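# Working through the structure, step by step
Residue strings, one per chain:
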Amino acid sequence: MANIDARPGRIRPAPENFLTHEQIVAVKEGRRGFLRTAFVAASAAMAAPAVVQAAVQGDPAILELPSWSTTLGMPVAANPYGLPSRYERALQRRESPGLTRVGGSSVSFTPLQGLFGIITPSGLHFERHHQGWHDVDPARHRLMINGLVKTQAVFTMDDIMRLPSVSRIHFIECGANTGMEWGNVAVPTVQYSHGMLSCSEFTGVPLKEILDMCGADYKKGRYVLAEGADGSSMTRTIPMELIESGEVLVAYGMNGEMLRPENGYPLRLVVPGVQGVSWVKWLRRIEVGDQPWASKDEAVHYIDLMPDGQHRQYSSIQECKSVITTPSGGQLLLDKGFYNISGLAWSGRGKVTRVDVSTDGGINWRQARLETPVLSKASTRFNIDWVWDGKPAILQSRAVDDSGYVQPGYGQLRAARGTRSIYHNNAIQSWKVVESGEVSNVQVL
Ligand SMILES: Nc1nc2c(c(=O)[nH]1)N[C@H]1C(S)=C(S)[C@@H](COP(=O)(O)O)O[C@H]1N2
Ligand SMILES: [Mo]
């Protein structure tokens with residue numbers, strides 16, 4: 001727990017974590033079903049511990065009439081743009097201290113431990129900027145199409161938003177997600193180990209439609225270059241097959257509204273299944289060409305150092321991966337008894353077909369329930385029942401996708417890829433539970 005204590009307040013407390021030590025003792029001494037006592041205690045935790053004691057004995061809280069039952073509430077539009085409850089303030093995207101020298105070239109991580117279902121709330125979508133973010137004026141933003149096309153063109157946002165649109169749910173994962181864990185355990189919580197993952201509904205125009213309008217030469221033009229309008233000169237090569245599949249979108253919408261500025265407002269590329277760096281934000285130019293560009297972000301960065309010292313280039317697809325989001329590192333199990341183990345699984349190749357969960361470090365596995373919807377190249381929620389007997393346990397999940405690919409363990413991954421890489425770590429994650437109920441990050445080979 002030492003490294004967790006070094007980051008005070010950086011873990012979203014599970015509901016039970018709102019309790020004081022005395023309250024935990026009171027709950028444990030109540031000797032009732034864990035779920036019931038934890039729920040009552042958590043809702044009473046803002047009041048005095050005495051109330052908790054009483055609640056444990058006979059639930060008198062239900063007889064109280066709090067102010068919200070006896071007075072007029074707030075008027076409509078008191079929050080013209082709705083905000084989360086003040087009781088949920090601890091749920092925030094957070095920067096990893098010391099990861100980079102300046103915040104303009106850094107990451108903020110999604111708090112996966114506190115989220116439900118598959119959609120990431122837009123305000124908690126992770127951020128990765130190479131040169132900071134701007135709130136770009138949509139009236140001044142343009143998208144240029146050039147290169148191997150009959151008619152070069154410049155589109156305004158109005159031009160793009162008049163075109164027929166589609167909406168699709170997809171995950172985006174930075175290629176460097178879990179990148180700090182290559183050699184050894186490095187971070188305490190799932191927010192920092194896996195929080196460069198988000199999943200949203202994106203709305204926009206298939207890039208294929210726009211290239212068709214411009215008369216792209218699909219015979220010679222087997223690649224496109226996507227360029228962003230920020231100061232990072234972010235340019236990435238995308239193979240034309242991906243665009244011809246119709247999946248790549250020039251997107252302006254996210255979760256039913258315009259993109260947030262941090263996520264590329266007013267226009268970004270959506271490249272389902274491919275690592276985040278290719279999802280170029282503040283998209284301002286698409287060039288059609290006949291070979292990969294080998295730009296700085298594909299020749300120097302975003303390459304994989306292999307065990308033989310060679311670099312692997314253009315390894316863009318995010319392979320099948322999963323993680324248990326609760327219970328997870330930094331959380332505390334209050335008592336033995338029933339828990340719902342819950343997590344996310346995803347694959348850049350297609351749909352997740354199966355997730356198995358182990359509670360004994362990979363000796364025995366049970367098949368988890370996949371919750372609907374199960375979509376291609378989208379996060380999939382899984383759940384499985386677990387009764388904790390109070391003894392040490394190691395929780396793991398292992399996902400399989402519809403290409404038949406099975407998520408590897410750390411031993412397998414390191415045998416193929418070594419330990420000095422940054423990108424594309426999709427190994428099985430292990431969370432260790434000890435008798436006190438503390439959960440921490442460990443690695444199992
Ligand atoms: N123009 C531009 N696009 C960019 C970046 C950037 O710095 N500038 N960062 C990339 C990287 S590395 C990732 S992981 C994703 C992150 O998208 P998000 O900030 O919406 O989560 O955007 C990509 N697109
Ligand atoms: Mo990234």
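Report on the accompanying structure. Computed from a predicted structure; not experimentally measured.

In terms of helices and strands, the chain carries eleven helices and 24 strands. Going through the 445 residues of the chain one by one, you find that 51% of them count as buried. A fraction of 71% describes how many contacts in the chain between residues 6 or more apart in sequence connect residues 24 or more apart. Of the roughly 20400 Å² of accessible surface on the chain, 55% is carried by carbon and sulfur atoms.

Going through the model one piece at a time under the given rule, you end up with two cavities of 30 Å³ or more. When its volume is computed, the largest cavity comes out at roughly 240 Å³. Together, 21 residues line the largest cavity, and R128, R268, G276, W279 and K281 are the ones closest to its centre. Grouping the amino acids of the lining of the largest cavity by side-chain chemistry returns nine nonpolar, six polar and six charged. A volume near 70 Å³ is recorded for the second largest cavity. Considering the residues around the second largest cavity, the lining is formed by 13 residues, among which L112, L115, I118, T120 and L344 are closest to the centre. Ranked by residue count, the leading element in the lining of the second largest cavity is strand 7 (residues 197-206), at three residues. Mapping the lining of the second largest cavity onto the domain boundaries places at least three of its residues in each of domain 2 (98-312) and domain 3 (321-442).

Before going further, it helps to examine the pattern of salt bridges. Across all of its chains, the model carries 20 salt bridges by this definition. Residue E257 pairs with R260 through a salt bridge whose shortest N-O separation is 2.8 Å. Overall, E257 belongs to the partly exposed group, its relative accessible area being 25%. Put simply, R417 and D304 hold a salt bridge, and the shortest N to O gap is 3.7 Å. Note that R417 is positioned in helix 11 (residues 410-417) and D304 in strand 14 (residues 304-305), a separation of 113 residues in sequence. Where salt bridges share partners, they join E227, R284, R285 and E287 into one cluster.

Positionally, G147 belongs in strand 4 (residues 142-147). Sequence separation between G147 and V288 is 141 residues; the distance between their C-alpha atoms is 4.7 Å.

Right, let's get into the site of ligand 1. The immediate surroundings of ligand 1 are formed by 22 residues, with F126, H130, D230, R268 and K281 found nearest. Between an oxygen atom of ligand 1 and a side-chain N or O atom of H125, the distance comes to 3.4 Å. A distance of 2.8 Å is found between a nitrogen atom of ligand 1 and a side-chain nitrogen or oxygen belonging to D230. Its free accessible area being 530 Å², ligand 1 has 100% of it covered by the protein chains. When atoms are counted within 2 Å of each cavity's grid points, the one that captures over half of ligand 1 is the largest cavity. Of the residues belonging to the shell around ligand 1, the class tally is nine nonpolar, seven polar and six charged.

Another point: unusual backbone geometry. Negative phi characterises most residues that are not glycine, and trans characterises most peptide bonds. For the peptide bond that leads from Y265 to P266, omega is 5 degrees, which places it in the cis range. Within the secondary structure layout, P266 lies in the loop between strand 11 (257-258) and strand 12 (268-270). Residue P373 follows T372 across a cis peptide bond; omega there is -5 degrees. For W282, which is not a glycine, the phi torsion comes out positive at approximately 50 degrees. Given the relative accessible area of 3%, W282 is considered buried. Backbone geometry at A294 places phi at a positive 50 degrees, although glycine is not the residue there. Tracing the backbone through its elements, the reader meets A294 in the loop between strand 13 (283-289) and helix 10 (296-299). Under the relative-accessibility criterion, A294 is labelled partly exposed at 42%.

Reading the values: the criteria
- Residues numbered from 1 in each chain as written.
- Chains lettered and ligands numbered in written order.
- Predicted model: local features only at pLDDT ≥ 70, side-chain atom pairs only at ≥ 80, totals over all residues.
- Heavy atoms only, no water.
- Helix = DSSP H or I, 4+ residues; strand = E, 2+ residues; numbered from the N terminus.
- Buried < 20%, exposed > 50% of the residue type's maximum accessible area, 1.4 Å probe, protein only.
- Contact = heavy atoms within 4.5 Å.
- Areas by Shrake-Rupley, 256 points an atom, 1.4 Å probe, with all protein chains shown as cover.
- 1 Å grid on protein atoms, 1.4 Å probe; cavity = no way out; pocket = protein on both sides within 12 Å on 5 of 7 lines; lining within 4 Å.
- Points joined across faces, edges and corners; volume = space filled by probe spheres on them.
- Nonpolar A, V, L, I, M, F, W, Y, C, P; charged D, E, K, R; others polar.
- Domains from an automatic or database assignment.
- Salt bridge = Lys/Arg side-chain N within 4 Å of Asp/Glu carboxyl O.
- Near = heavy atom within 4 Å.
- Polar contact = N/O pair within 3.5 Å; in protein donor to acceptor, adjacent residues only side chain to side chain.
- Sits in = over half its atoms within 2 Å of the grid points.

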